[in-house]
Amino acid sequence: MQDSFGAKNTLVVDGQRYEVFRLDAVEGSERLPYSLKILLENLLRNEDGRLVTAKQIEAVRDWDPKAEHGSEIQYTPARVLLQDFTGVPCVVDLVAMRDAMAALDGDPQKINPLIPSELVIDHSVIADVFGRTDALQINANLEFERNKERYELLRWAQQAFDDFVVVPPDTGICHQVNLEYLARVVFTRQKGDVTQAYPDTLVGTDSHTPMINGLGVLGWGVGGIEAEAAMLGQPMSMLVPPVLGVKLTGSLKEGVTATDLVLTVAQRLREVGVVGNFVEFYGDGVAGIPLANRATLGNMSPEYGATCAIFPIDDETLAYLRFTGRSEDQVRLVEAYAKEQGLWHDPEHEATYSRSIDLDLSEVEPSIAGPRRPQDRIPLSKARRVVGGLLNDPNRSPLELVGLDDASDSSFPASDPIAVDHNDNVEPKVWKTTHQGEPWPSDPVAVELGGEKTEIDNGHVVIAAITSCTNTSNPSVMLGAGLLAKKAVEKGLRSKPWVKTSLAPGSRVVTDYFEKAGLTPYLNELGFNLVGYGCTTCIGNSGPLIPEVSRAIGEKDLSVSAVLSGNRNFEGRIHAETKMNFLASPPLVVAYALAGTMNIDLLVDSLGTGSDGKPVYLKDLWPTSEEIQQSIHESLQAEMFSDGYADVYSGDDNWKSLDVGTGDMFAWDNDSTYVRNPPYFEGMARTPEPLRDIANARVLALLGDSVTTDHISPAGTIRRDSPAGRYLEEHDVEPAQFNSYGSRRGNHEVMIRGTFANVRLRNQLVPGVEGGYTRHMPSGDELSIFDASERYIADDVPLVVIAGKEYGSGSSRDWAAKGTLLLGVRAVLTESYERIHRSNLIGMGVLPLQFIDGQTAQSLGLTGEETFSITGLEGVDEIPDEVTVSVSGDSGESTFTAAVRIDTPAEANYYLHGGILQYVLRQLLDA
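The structure displayed is predicted, hence computed values, not measured ones. (Residues numbered from 1 in each chain as written. Predicted model: local features only at pLDDT ≥ 70, side-chain atom pairs only at ≥ 80, totals over all residues. Heavy atoms only, no water.)

Describe the side chain of T195, and please don't skip the residues or the numbers.
One can find T195 in strand β8 (residues 194-199). Judged by its relative accessible area of 18%, T195 is buried. One polar contact links T195 to Q190, side chain to side chain, over a distance of 2.7 Å. (Helix = DSSP H or I, 4+ residues; strand = E, 2+ residues; numbered from the N terminus. Buried < 20%, exposed > 50% of the residue type's maximum accessible area, 1.4 Å probe, protein only. Polar contact = N/O pair within 3.5 Å; in protein donor to acceptor, adjacent residues only side chain to side chain.)

This is the structure in structure tokens:
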């Protein structure tokens, strides 16, 4: 341990002494943004002269706000947060490492997370059953039936690994549990004979990990491979980012929700451009933002491309910690540490930012977003016109339709907050046309629902889901939805019969305060019965539509909608049968369930006729801010958090009844189709083999620009006619039980078969064909990529992938790299990489190469039919910066030079050992 800046010091709080590393020991640190101060402390505390050096500390100290990015540093998070889809493969790999350690005569007990790792099972519950009081129990039972093998692994890991805990299913969503219970804000850990205090930091295996930024905790989402490395004590390589400051002023108007705010911020920051940036909120307006609203803003940061979106620590942070049951000792430590380290929010002090924008909260208006992207915000006053325009031409931009001149349509109302009282003497219009006289495209299908005849038409809302940690963590919008439901029921309104309604909060506390407020019966009356505690509709676990509705949609290929209080609405994500998906606040979700259609202006049109025979408008139902705050005051109690989380790791009877062993080694079930021992360590020796050149490789895929990890990694449903589907049927799994690729991430056999199998993949070896296909060479046979890989592996032929710019952009999916390796790919050659995917390839032992001197596959005349040999690796002491690529094909032979994109000493170590898991395993063998 080194201390080049003399930062090590002592902080005493309530008589307890803590070792801290003072930021003011580094001259000039006071100018840094809040988030970079946290990075600086991280480096000061972990300086060892080898992985973390004084030069890296100086790089943060001397950060240039105008630079595209800063220097590379090695960041060590305090803990790791996992959800079950992405967490299961991490656990599988750790279990396999124990087996490999034993095979090499080492101590399997050395394989443990070296930092606290917390997994929350939240991605597996599906809203199969809805609108009934027993929906929660039925869905929970179905979840266990489908996922028992995965849960047995996690239950075993919970007792077998140190510093690893599992929050059982049907408890909550990882980000909400993190916010309400797991987060410390200031972390403490024993190191030798001292107790260190330092900022709580984390990485999470879910994109929306930045939700915890609302609590002043620095965290963001990473892929499974980076998470595994962090769990095993490896620092993360990162570039010091630009930091955008958002100066908040003013306050939200009456009738405007936190959801409206976050949709506005998402749109604004997409326009500004913050991809790869840290975002910080500062200014006088910060104090007026409730903690729950801050968390909502942090949660959505992936939707505007930021790495994080953080608020500093202040009185609101402390109040939330107290209210959610954190100990008074912890709260006092957070306050003392933040003030001592200059991490306490001072509205008078403005840090240096790369860029800064102003956001006047009073300008935010009621909004929804969609139909395909979270950043496509639509003012509620314009929603009907925009949706009508999209139904007439789905290729039009919703933002273009929003921007059309309102004055050209005399029937279009001015934008009013929901709470504004319209003139009751004016007969409201039921619009028959959209902007500029476009007819609403109507093609109704007659159906019978519950014994009553009705019609399903374009624009109908068929899913209305209060779901996702984004909004269910926020009592103001949740109680707002409950109060709106109460008023609607009292007026005699009901949800339309074709709408699949569901309530899936992110923690049990929501149920507690709904019960205390007396709102549960009203939500149930509208069909918003509790269906589970998990992500459900937000990640596509919306379950089947009402059968009659599904048949009607298919009969005329209707364009119907889902409305959900989630964070993502990408095409095909929410439900295969909903072509349009809109993000909205929980109260608006209820309102659209009552309306049953997007063919309505909620600010003008009637939602229906009340039991008194009079029309009911949204303004009649919308709760005031005073009503919501009174409900929060009367129904939300600190004891709900402390009691609700008292036995958070215990689980229900299903969880407790799981049959798990008690030994240090996991008993693999060879018949399992969910969890299998991966082959990463087969034939591994105690010392790494020397590097070898790659000879006579074939091209598995020749790809263009912007191939994302979504194109590469298995995701979504498993088709019966796919290689993965055939594998499951061969193992006696019925198609109805296929589940999803996400749920089977612990079975490499399924995942290999789904790698490069995206239906939108365009492999230039099979021009004109979309999907996971290629041509086998030299036979020319057109096969699935998996089947071709099998044939190449059988013939001992190494493989390469060739691609264009921005290869591997998108979510940093671990299986995009794991699947690539297991298909037999030894090297990937591209014009440029997304940084994390490049790192993941190295972490799996795949060589990342890059064209140089402006060369491309096209400029070099590569068709993908050639053989490729890569030389310059064999017999060298250090990995070279460049290699020679020799190409042999029908047009002759040629050579070119490619850059080796192994950029850091840590990456070089990983590649030399065949991957990060092998590297760590060998280090522990010799420890």
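Quick one: what's the story with the pairing of strand β32 (residues 867-871), residue by residue and with numbers?
Counting buried positions along β32 yields four of five residues, so the element is predominantly enclosed. Bridging between strand β26 (residues 694-702) and β32 involves two bridges; their strand directions are antiparallel. Following the sheet pairing, A697 is matched in β32 by F868. Direction of pairing for β32 relative to strand β33 (residues 882-889): antiparallel, over a ladder of five bridges. When the bridges of β33 are listed, T871 appears paired with T884. (Pairing = 2+ DSSP bridges.)

Break down unusual backbone geometry for me, with residues and values.
Residue G370 is joined to P371 through a cis peptide bond whose omega torsion reads 10°. Note that the residue after M777, namely P778, is joined by a cis bond; omega there is 10°. Along the polypeptide, P778 turns up in the loop between β27 (773-775) and β28 (782-784). Look at D163: it is not a glycine, yet its phi comes out positive at around 55°. As for its placement among the helices and strands, D163 is situated in the loop between α4 (135-160) and β6 (164-167). With a phi close to 80°, S468 is a non-glycine residue in the positive phi region. According to the relative accessible area criterion, S468 is buried, its value standing at 2%.

How would you summarise the packing of aromatic side chains if you had to cite specific residues and measurements?
Under the criterion given, the structure shown has 18 aromatic pairs. Aromatic pair Y75 and W220: ring centres 5.1 Å apart, planes at 25°, arrangement stacked. Of the two residues, Y75 is situated in strand β3 (residues 72-75) and W220 in strand β10 (residues 218-221); the sequence distance between them amounts to 145 residues. Across the pair, exposure class does not vary: Y75 and W220 are buried alike. Joined through ring pairs, the aromatic side chains of W156, F161, F164, F666 and W668 make up one cluster. Just above the ring of Y198 sits the side chain of R45; from NZ or CZ to the centre is 3.7 Å. (Phe/Tyr/Trp six-rings, centres within 6.5 Å; stacked < 30°, edge-to-face > 60°. Lys NZ or Arg CZ within 6 Å of the ring centre and 35° of its normal.)

Describe the nonpolar core, naming the residues involved and giving the relevant values.
The biggest cluster of nonpolar side chains holds 296 residues, and the ones touching the most others in it are L215, Y304, I368, F528, Y592 and Y807. What F528 contacts, discounting residues up to four positions off in sequence, is A464, I466, S495, T501, S502, L503, L523, V589, V590 and A593. The next biggest cluster of nonpolar side chains, apart from the first, holds five residues, and it includes A127, V129, A135 and V531. (Core = buried A, V, L, I, M, F, W, Y, C linked by side-chain atoms within 4.5 Å. Contact = heavy atoms within 4.5 Å.)

Could you give me a rundown of the sheet that holds strand β15 (residues 355-360), with the residues and numbers involved?
Here four strands make up an open sheet; going across it, the order is β14-β13-β12-β15 and the pairing parallel. Strands with a single pairing partner mark the edges of an open sheet, and in this sheet they are β14 (308-310) and β15. The average undirected angle you get between the axes of adjacent strands in this sheet is 20°. Pairing between strand β12 (residues 243-249) and β15: six bridges, direction parallel. Paired with L244 across the strands is R355, a residue of β15. (Axes fitted to C-alpha atoms, helices over the stretch in contact; angles between N-to-C directions.)

Tell me what's going on with the state of the cysteines, and back it up with residues and numbers.
Inspection of every chain in the model, using the stated rule, returns zero disulfides. This cysteine, C535, is not joined by any disulfide, and C469 carries the nearest cysteine sulfur, 6.3 Å off. Among the residues examined, C535 registers a relative accessible area of 7% and is labelled buried. Here C538 stays unpaired: no disulfide links it, and the sulfur of C535, its closest cysteine neighbor, is 6.8 Å away. (Disulfide = S-S within 2.5 Å.)

Go over a negative patch on the surface with me, naming the residues and quoting the values.
Residues D512, E515, E639 and D643 make up a contiguous surface patch of negative charge. Of all the secondary structure elements, the ones that give two or more residues to the negative patch are α15 (508-517) and α21 (638-644). Position of D643 among the secondary structure elements: in helix α21. Under the relative-accessibility criterion, D643 is labelled exposed at 56%. (Patch = residues over 30% accessible without salt bridge, like charges linked within 9 Å, V, L, I, M, F, W, Y side chains within 5 Å. Areas by Shrake-Rupley, 256 points an atom, 1.4 Å probe, with all protein chains shown as cover. Salt bridge = Lys/Arg side-chain N within 4 Å of Asp/Glu carboxyl O. Lys, Arg positive; Asp, Glu negative; His and termini not counted. Charge placed at Lys NZ, Arg CZ, Asp CG, Glu CD.)

Lay out helix α20 (residues 625-635) in plain terms, naming residues and giving numbers.
Turning to α20, its buried residues number three or more, namely I628, S631, I632 and S635. Buried residues of α20, seen end-on, are gathered within an arc of 100° and therefore sit on one face of the element. Within α20, the exposed residues directed more than 90 degrees away from the buried face are E626 and H633. Those residues of α20 that are buried lie in contact with α14 (475-491), α15 and α21. (Arc of directions from axis to C-beta.)

With reference to specific residues and values, describe the packing of helix α3 (residues 84-103) against helix α6 (residues 224-231).
Where α3 contacts α6, the two axes come as close as 9 Å, and the packing angle between them is 50°. The angle between α3 and α6 places the two elements in the oblique class. Helix-helix and strand crossings are classified by hand; for α3 and α6 the assignment is right-handed. Taking contact as the criterion, the partners of P89, C90, D93 and L94 in α3 are, on α6, G224, A227, E228 and M231. (Parallel < 35°, antiparallel > 145°, perpendicular 65-115°, else oblique. Left-handed = near helix turned anticlockwise from the far one by under 90°.)

Please set out the sheet that holds strand β9 (residues 201-204) residue by residue, giving values where relevant.
Strand order in this open sheet of five strands is β6-β5-β4-β9-β10, and the pairing throughout is parallel. Edge strands, defined here as strands with exactly one partner in the open sheet, are β6 and β10. For this sheet, the mean angle separating the axes of adjacent strands, direction not counted, is 20°. As paired strands, β9 and β10 are joined by four bridges and run parallel to one another. Across the sheet, T201 pairs through a bridge with L218, a residue of β10.

Residue-level account of the side chain of S559, with values.
Within the secondary structure layout, S559 lies in the loop between α17 (547-556) and β22 (560-564). Residue S559 is classed as buried on the basis of its relative accessible area of 17%. With sequence-adjacent residues up to four places away left out, S559 is seen in contact with L391, N458, G459, H460, K579 and M580.

Describe the pattern of salt bridges, listing the residues and the values that go with them.
This structure, assessed with the given rule, holds 42 salt bridges. Residues D134 and R132 are paired through a salt bridge, measuring 2.6 Å at the closest nitrogen-oxygen approach. Judged by relative accessible area, which is 30%, D134 ranks as partly exposed. With its nearest N and O atoms 3.5 Å apart, the salt bridge here joins R838 to D903. Taken together, the residues R838 in helix α28 (residues 835-843) and D903 in the loop between β34 (892-900) and α29 (905-912) connect sequence positions 65 residues apart. Here the salt bridges do not stand alone but share partners, grouping D14, R322, E328, D329 and R332 into one network.

Hey, could you go over the confidence of the model for the chain for me, with residue numbers and the actual values?
On average, residues of the chain score 92 in pLDDT, and 96% of them reach the 70 mark or higher. Note that pLDDT drops below 50 for residues 407-416; the model gives that stretch 20 contacts with residues more than four away or on any other chain. In the model, residues 420-437 has pLDDT below 50 throughout and makes 37 contacts with residues more than four positions away in sequence or in other chains. (pLDDT = per-residue confidence, 0-100.)

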